[in-house]
Structures are given as C-alpha cells and as structure tokens.
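# Structural overview for review
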Amino acid sequence: MTGESDVAARLTGFVAALRDHGVRIGTGETVDAARAVRALGLADRELLREGLAATLLHTAGQRQVFDAVFALYFPQGVGAPDADGAGPEELRERLASALAADDVALMARLAIEAVDGLGGYGGAPGAGGWSSYQTLQRLRPQTLLARVRDDLRARGGGDFADRLLDDEIRRRIEVFRGQVAAEARRRVAERRGRDEIARRAVAPSADRVDFLYAGRDRLAELRRTVQPLARTLATRLAARRRRAARGTIDLRRTLRGSLSTGGVPVRPVLRRRRPARPELVLLCDVSGSVAGFSDFTMLLVQALHDQFSKVRVFGFVNRIDEVTGLLVHGTADAAGLGARIRAQARLTGWHDSSDYGAALGEFTERYGAAVGPRTTVFVLGDARTNMADPNLPALRWIAGQARRVHWLNPEPRSQWGTGDSAAPEYAELVAMHECRTARQLSALVGRLLPV
C-alpha cells in the first residue's frame, strides 16, 4: 500500500463501497479525502481513519458502516502475524490481561493472532477461509468476565458497583469480538476481493435495515435518530408551507393588470391562501414484528407534532384504543413505548392475533368524529388479516371522510396479496406505499405529510 496509484485505487474503491451502502459522497468530498490522505499519511491508521471520517461522513449514524468498510480497504496488517502459533489457553490468558487493562491496541493484535490460529478452516489454516464465529467459539472470550473482574478488583477497582463493572467488562469483550470479525472479513477480502466483501459482508446502516428484520440493537439505534430526522423533516415542511401560503396565480386579475404593460404579465397576481395547520390521525398495528415499525413512526410523528394543529394516535391488534396520551407523556422512554402501549391500552379481545377488519370497524364506531375534511390519516401495518374479514366498507368510509388516507406497509411489494395479506384489496381504496426502512419512511413522510 505504498504506491500512489495503489492508494488512489483503494481510496476510490473505498468511496464507491460507501456509496453502495447509501452514504452520499460527492466529487468534492472525494477530493478532500484524497487531500486528507496526502496530509496525514498512512503510518498512523487511527489518525487516517478519523481524517477520512471527517471529510466523508455527514451523520453519526453512518459511522458503523464507515468503520467496517475502512477496515477492508485500509487494513491494520496483511497476512499472518509475526508470532509463534499460540494455543487457545495462552491467548485467553493474554486476552484477560488486555481486557483488564483496556488495552485496545493489544486486543487488536490478539484478534489477528486468534483468527490466524483458531479461525482457519478447510484443511491447512486458511486454506478454505477464515471464520470469526469459529474463532470466538474456540476462544470463548465471554467466559473471561469473572477472571477480569477479579483482576480489576485486585488492582483496586473496588469503587465500581458489581453491575457497572460487569457492564464495562462486557463492553470491552464486545470491542474484541468486533475486532475479530473485522480481521476475519479482511482476510476473506484479501482472497475474494474487497469490493465483493464490502457489498456482502458489511452490515447496512440502521436506516437501510428492514423494520421487519431489525433486531433490538438496530431498533434502539433507530430511535436515537428520531429527533435529528424530525428536525430535518420539520424544516422541509415549514418551507413547503411557506411556498403554499403564497397561493396560485389568479389568471383573471393578472391579465387585467397586464393591460398597463402592453399585455405582458410583469406582476403576477396571486390568490392569497389562509393556511391552516392540518390534522393528523395515525392508526398503528402494534402486534408482532410490525410493532418496531409502528413504534418508530409514532415517535417520529410525535416529534413533528408542532407542524400540525392536532395529532391523534390509535393503536390496535384486533381492538383499537387511543394512545395519544401514552405517546406524549412517554417520549423520554422511547425504548419502552411499545410495551407501555400494549400494557395500558385495550388492544385485544378474546384472541391475540391481528384483525384489521375488526379494528377498522371499531374505529369508525367509536372514533369516527376524529376524521374530518382537514384530516390526513396514516394506516401503519402489513395488512395481514389472519384470514378474517378485511372490512373494506370501514376503510372506504374513512377514505370518504378524510382529506387523504395513506397506508404505509413495511412488507416488500412482492409479498402483498400472498397468504393472508389483504393489501391489494385495501390498495384499491387508499394509496398504499411500501415502507420497509427508515430511509423510505423519511422520504415518504417528507412527501406525503400535508401542508
């Protein structure tokens, strides 16, 4: 990695891989990154990584993808380490000491040794490839917690509460696990090509993960992005509202005024609007895997509440209940929103399965007055009715009363209508949009929310 042409190729490949993962990087930023590489050099890898992050990234949420791709294109080392092949027990002893000292650099070197000695498969070490899973299974770093705790206690770490100390040790172990995973990816990339591994082995950023398949950690990461995303969307909505307030051209008055300028409409006359903040109603399926999607959307809309004169939120499984108050008073505990709603609201009857028809029917009976000519309704859910009656007349009534109705479906469009999905039937009555990721959701919300 010493030749200038090789460094340029790595940098352009690195930028292309980041773009493939949704990081927006322009030509000017790429040029700035090249200048950063020239100024910082390659000797200090950590300094280079921070310099490239400063020139290429726009949000903190992109950092996880950046670090994983950086490890492929600017690796810490190439090939096997210059060390004798250490056995698992010797590596465990050295790792315990590194964890106790929180020596990240030593942990990185041990990760290289561990993958080299324990992670190879296919006959000779590395003949078939390298596996971080196999490395960690043989090394078992999670079992070192008690040993590291005793070591820290012996060094005078008694001021920590046991729970806090254990949490800190687990954090250090997770750092090491990440280093092992990065080293295994690097070795595979040397053999199969960095570009392919960057596409296939680097986890996408949280805003590009499907809501239906996002784990607890990814959903927690998404919740942390609600406020910044809401500020961006609020700015867009305010700009749209200012443009809409200017009104459309009054053709008759414009032509009359143009008589004084020889028929040239120099000063267009606009029909002045009296802008009024719209009302918003959310109907959210909070059952099963759809719950993460509904929770995130509810939090986003709550963060945008100043943009509307009234926001009302209703949750349902097979019964429907208003949860606006639970949402407003519980925003400080975003992680527990779904559990709080399911515990305090009456959302189920004699069974626990989703029933869109029953929920929509109950909404029209109990809360029909919430929908009026200024109301935009968003329905959040996968439209899977568990073979129950979809109650199309209820949705048709809502669509007739509201200003607009949009249905956001977190399932891929290719799955609409399969199994117990009533999505095609509902889509004939209201506009249904595929909304699988936070990125899609933010684009839809910015485009569909009324002004």
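Nothing here was measured: the structure is a model prediction, and the numbers come from that model. (Residues numbered from 1 in each chain as written. Predicted model: local features only at pLDDT ≥ 70, side-chain atom pairs only at ≥ 80, totals over all residues. Heavy atoms only, no water.)

With that settled, the discussion passes to the overall build of the protein. Looking only at helices and strands, the protein features 20 helices and eight strands. Burial analysis of the protein (451 residues in total) assigns 48% to the buried set. Considering only contacts within the protein whose residues lie at least 6 apart along the sequence, 73% involve residues at least 24 apart. (Helix = DSSP H or I, 4+ residues; strand = E, 2+ residues; numbered from the N terminus. Buried < 20%, exposed > 50% of the residue type's maximum accessible area, 1.4 Å probe, protein only. Contact = heavy atoms within 4.5 Å.)

This brings us to the packing of aromatic side chains. Evaluation of the coordinates by the stated rule reveals 14 aromatic pairs. Ring plane angle 90 degrees and centroid distance 5.7 Å describe the contact between phenylalanine 14 and phenylalanine 74, whose orientation is recorded as edge-to-face. Here phenylalanine 14, found in helix H1 (residues 4–20), pairs with phenylalanine 74, found in the loop between helix H4 (63–73) and helix H5 (88–101); they are 60 residues apart in sequence, far enough to count as distant. For phenylalanine 14, a relative accessible area of 0% gives the class buried. In this structure phenylalanine 74 comes out as buried when scored by relative accessible area, which is 1%. An aromatic cluster is present here, built from Phe14, Phe66, Phe70, Tyr73 and Phe74 joined pairwise through their rings. (Phe/Tyr/Trp six-rings, centres within 6.5 Å; stacked < 30°, edge-to-face > 60°.)

What follows concerns the packing of helix H2 (residues 27–40) against helix H3 (residues 45–56). In the contact formed by H2 and H3, the axes pass within 9 Å of each other and the chain directions differ by 160 degrees. In terms of axis orientation, H2 runs roughly antiparallel to H3. Of the two possible hands of crossing, H2 and H3 adopt the one that is right-handed. Residues Glu29, Thr30, Asp32, Ala33, Ala36, Val37 and Leu40 of H2 lie in contact with H3, whose contacting residues are Leu47, Leu48, Gly51, Leu52, Thr55 and Leu56. (Axes fitted to C-alpha atoms, helices over the stretch in contact; angles between N-to-C directions. Parallel < 35°, antiparallel > 145°, perpendicular 65-115°, else oblique. Left-handed = near helix turned anticlockwise from the far one by under 90°.)

Attention shifts here to H2. The end-to-end C-alpha distance of H2 is 20 Å, a good match for the 20 Å that 14 residues give at a rise of 1.5 Å each. Inspection of H2 places Thr30, Ala33, Ala36 and Val37 among the buried residues, and these make up the whole buried set. Looking straight down H2, one finds that the buried residues subtend no more than 110 degrees of arc, so they occupy a single side. Residues Thr27, Arg35, Arg38 and Ala39 are exposed on H2 and point more than 90 degrees away from its buried face. Just downstream of H2, glycine 41 is the residue with a positive phi angle, here 75 degrees. (Expected span 1.5 Å × (residues − 1). Arc of directions from axis to C-beta.)

Strand order in the open sheet formed by six strands is S5-S4-S3-S6-S7-S8, with mixed pairing between adjacent strands. Unpaired on one side and paired on the other, strand S5 (320–322) and strand S8 (431–434) mark the two borders of the sheet. Neighbour-to-neighbour, the strand axes of this sheet turn through a mean angle of 20 degrees, independent of strand direction. Pairing of strand S3 (residues 279–285) with strand S6 (residues 375–380), which is carried by six bridges, proceeds in the parallel orientation. (Pairing = 2+ DSSP bridges.)

It is worth spelling out unusual backbone geometry at this point. It is generally the case that most residues other than glycine have a negative phi and that most peptide bonds are trans. The backbone of alanine 383 sits at a positive phi, close to 65 degrees, despite the residue not being glycine. By the element assignment, alanine 383 lies in the loop between S6 and helix H18 (392–401). Look at alanine 383 and you get buried, because its relative accessible area is 0%. Positive phi outside glycine occurs at asparagine 391, with the angle close to 55 degrees. Counting through the fold element by element, asparagine 391 comes out in the loop between S6 and H18.

Right, let's talk about the pattern of salt bridges for a bit. Within this structure, the stated rule accounts for 24 salt bridges. For arginine 147, the salt bridge goes to glutamate 93, with nearest N and O atoms at 2.9 Å. Separated by 54 residues along the polypeptide, arginine 147 in helix H8 (residues 145–154) and glutamate 93 in helix H5 bring together distant segments of the chain. Classification of arginine 147 by relative accessible area gives partly exposed; the value is 33%. (Salt bridge = Lys/Arg side-chain N within 4 Å of Asp/Glu carboxyl O.)

Most of strand S4 (residues 310–316) sits out of view: five of its seven residues are buried. Here seven bridges tie S3 to S4, and the two strands are oriented parallel to one another. When the sheet's bridge partners are listed, leucine 283 is paired in S4 with phenylalanine 314. Alignment of S4 against S5, held across three bridges, turns out to be antiparallel. Residue pairing for S5: phenylalanine 316 is matched across the bridge by isoleucine 320.

Ranked by internal contacts, the top residues of the largest apolar core, which has 46 residues, are Leu282, Met298, Leu304 and Leu408. Discounting chain neighbours no more than four positions away, the residues touching leucine 304 are Ala230, Leu233, Ala234, Val445 and Leu449. One finds Val379, Ala383, Ala402 and Met432 within the second-largest nonpolar core, a separate group that totals 27 residues. (Core = buried A, V, L, I, M, F, W, Y, C linked by side-chain atoms within 4.5 Å.)

Turning next to the pairing of S6. Where burial is concerned, most of S6 is hidden: six out of the six residues are buried. Of the two faces of S6, the one lined by Thr375, Val377 and Val379 and the one lined by Thr376, Phe378 and Leu380 are each fully buried. Between the parallel pair S6 and strand S7 (residues 404–409), the chain is carried across by H18, and the sense of this crossover is right-handed. (Right-handed = clockwise from strand over helix to strand, strands pointing away.)

Okay, the environment of glycine 13 next. Structurally, glycine 13 is set in helix H1. Residues glycine 13 and tyrosine 73 lie 60 residues apart in sequence; the distance between their C-alpha atoms is 7.7 Å.

When the pLDDT values of the protein are averaged, the result is 82; 86% of them are 70 or greater. A low-confidence stretch, residues 78–83 (pLDDT under 50), is modelled with twelve contacts involving residues beyond four sequence positions or located in other chains. (pLDDT = per-residue confidence, 0-100.)

All buried positions along helix H11 (residues 216–223) are accounted for by Arg218, Leu219, Glu221 and Leu222. The arc that holds the buried residues of H11, viewed along the axis, is 160 degrees, so those residues lie on one side. Looking at H11, the residues exposed on the side facing more than 90 degrees away from the buried face are Arg216 and Asp217.

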